[in-house]
Amino acid sequence: MSERLSPYLQQKIPEDYYCVKHLEPPQLFCDDDQITLCVKCFLSQEHKNHVVYRVEDAAVNYKKLFQEILNTLTEKLEVAKKILADEQERMVMIQGEEQNFKEMIASEYRIRFRLLNEENEMNLLRPQGYIFNLDVREARLNQLIGFSRELEDKFQETLQRLNNLGTENMNKLKENEVRVSEQICCLQRITTELEKKCGQSALALLQNARYSLERSEALLLQCLEPTNITDLSFCQITGMSEMLRIFQRHVTLDPETAHPFLILSEDLRSVRFGNVPQDVPDNPKRFDFSAIVLGVESFTSGRHYWEVDVEKTTKWQLGICKDSASQQGDRPNAFGDKFLLTGSVIGSDFTFWVFPPLKRVSLREQLHKVGVFLDYEYGQISFYNVTERSLIYNFSYPAFKGALRPIFSLCITNESVNSDCLTICSPHAPSCGVTVSSQTSLV
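Note that this is a predicted model, so its numbers are computed, not measured.

## A word on the sheet that holds strand β14 (residues 390–396)
Phase 1 of the analysis: Strand order in this open sheet of 7 strands is β4-β5-β16-β7-β12-β13-β14, and the pairing throughout is antiparallel. What marks the edges here is a single partner per strand, and that holds for β4 (262–264) and β14. Ignoring strand direction, the axes of neighbouring strands in this sheet form an average angle of 20°.
Phase 2 of the analysis: Strand direction decides the pairing type here: β4 and strand β5 (residues 270–273), joined by 3 bridges, are antiparallel.

See below:
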């Protein structure tokens, strides 16, 4: 042992590291007690059954462990910095989303206020042969005021829910920002300490070696993850207006625009995939890239509403597009004149997007029937979940120019058989007349 330790004994050892009890230079390291030992300490009964290494060997072992942990700490530090940057970006993003959602809520309720007023005007003007008197007119006006107040209360309640949810989400993000920032500081401090230790002499490296190791491992065990915030879809706008039924149109599909792989039903209300391209005449209006077909109807004014059954479709697009002279060579990145809602179902997972701009829409259930509403004069396009009677998304623009047409799209797949099918629903049978009682559905 003396021969093996002789090179070490020749090194200059600081006085602080000498054995206090025997005043001998430390030559060994007790891993159990985490202390350096001189030869006399080693020969005592106190360390008889302990694991003891040469100082150099112990230092090499711990330095190797420190290097491994340093690598992991560096990786976790990068992850923490990425999470922090993402959280800060999300704070900006959710503020924008909240503002966009507020505008969408305001737009939807403006539609409902307009429809409410117009419904009451229609009720006051009809029916022929009905004798109005001041009492009836006053009762109608009072009822209108009551419905308007109820609608305003619903609007304010929805905005308040949105404000509360936005504040809650922002507080969660800020708390996590502080938590991640503190963890980044700890990771940086521990990393610096370990890097310093790895550059020290064997005796200095072994001081508090296990403590440094355990502290680093404890830091690595701390969980780092993004904040789980509540989606704004929980502020869903419910209660579709029954007045939309008045504007429901007989929309049919235009065979001249249908992609060659699309097969239209005889009544031109359903579209599905064919396994081979159809023998169709060449037409400058025909889509030859995207699996799209337009509606025959063209709208240049007024309000229009139609419903589409999407339950038998795994991927679809619905919306409105500008009626251009030619659709050939259409590409997905050329959808500047289209306003689309896209749905995709894979197993039990489903996602929905709107365009433009491309934005994900959070919904809590799969869509079975989608309602599309166009208010040409007011520049509004709205998508509704007909089953749940709720708003999915709406677009608001200063004004439309030119003709607009319904657009329907399926996704071409490589499968030999595809049963996807879109069906335009038949309009509901018109009622004998619009009554004030239907206004309850507006709120």
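Don't stop here, the text continues.
## Brief notes about the sheet that holds strand β3 (residues 52–54)
Phase 1 of the analysis: Here 3 strands make up an open sheet; going across it, the order is β2-β1-β3 and the pairing antiparallel. Sheet topology places β2 (35–37) and β3 at the edges, where each strand pairs with a single neighbour. When the angles between neighbouring strand axes are averaged without regard to direction, this sheet yields 35°.
Phase 2 of the analysis: Where strand β1 (residues 28–30) lies against β2, 3 bridges are found, and the strand directions are antiparallel. Within β2, the residue paired with Phe29 across the bridge is Thr36.

## Re the environment of Leu173
Phase 1 of the analysis: Mapped onto the elements of the fold, Leu173 is located in helix α4 (residues 134–198).
Phase 2 of the analysis: In this structure, the C-alpha to C-alpha distance between Leu173 and Leu84, residues 89 residues apart in sequence, is 9.7 Å.
Phase 3 of the analysis: Among all residues touching Leu173, those that are not within four sequence positions of it are Glu87, Arg90, Met91, Ile94, Thr227 and Ile229.

## Let's talk about unusual backbone geometry
Phase 1 of the analysis: Pro356 follows Phe355 through a cis peptide bond whose omega is 0°.
Phase 2 of the analysis: Of note, Pro356 is situated in the loop between β10 (349–355) and β11 (359–361).
Phase 3 of the analysis: Despite not being glycine, Asn208 has its phi angle at roughly 55°, a positive value.
Phase 4 of the analysis: Its place among the elements puts Asn208 in the loop between α5 (202–206) and α6 (209–221).

The rules behind these values
- Within every chain, residues take consecutive numbers counted from 1 along the sequence as written.
- Restriction of local features to residues with pLDDT of at least 70 applies here, the model being predicted, together with a cutoff of 80 or more for giving and counting side-chain atom pairs; totals for whole chains, interfaces and linings are based on all residues.
- The side-chain quantities take in all heavy atoms of the structure and omit both hydrogens and water.
- Strands were regarded as paired on the criterion that DSSP finds at least two bridges between them.
- We count a stretch as a helix when DSSP gives it H or I for four or more residues in a row; a strand needs E for two or more, and each element gets its number in order from the N terminus.
- Axis definition: a line fit to C-alpha positions, over the contact stretch in the case of helices; interaxial angles, taken between N-to-C directions, run 0 to 180 degrees.
- Should any heavy atoms of two residues lie within 4.5 Å, those residues are considered in contact.

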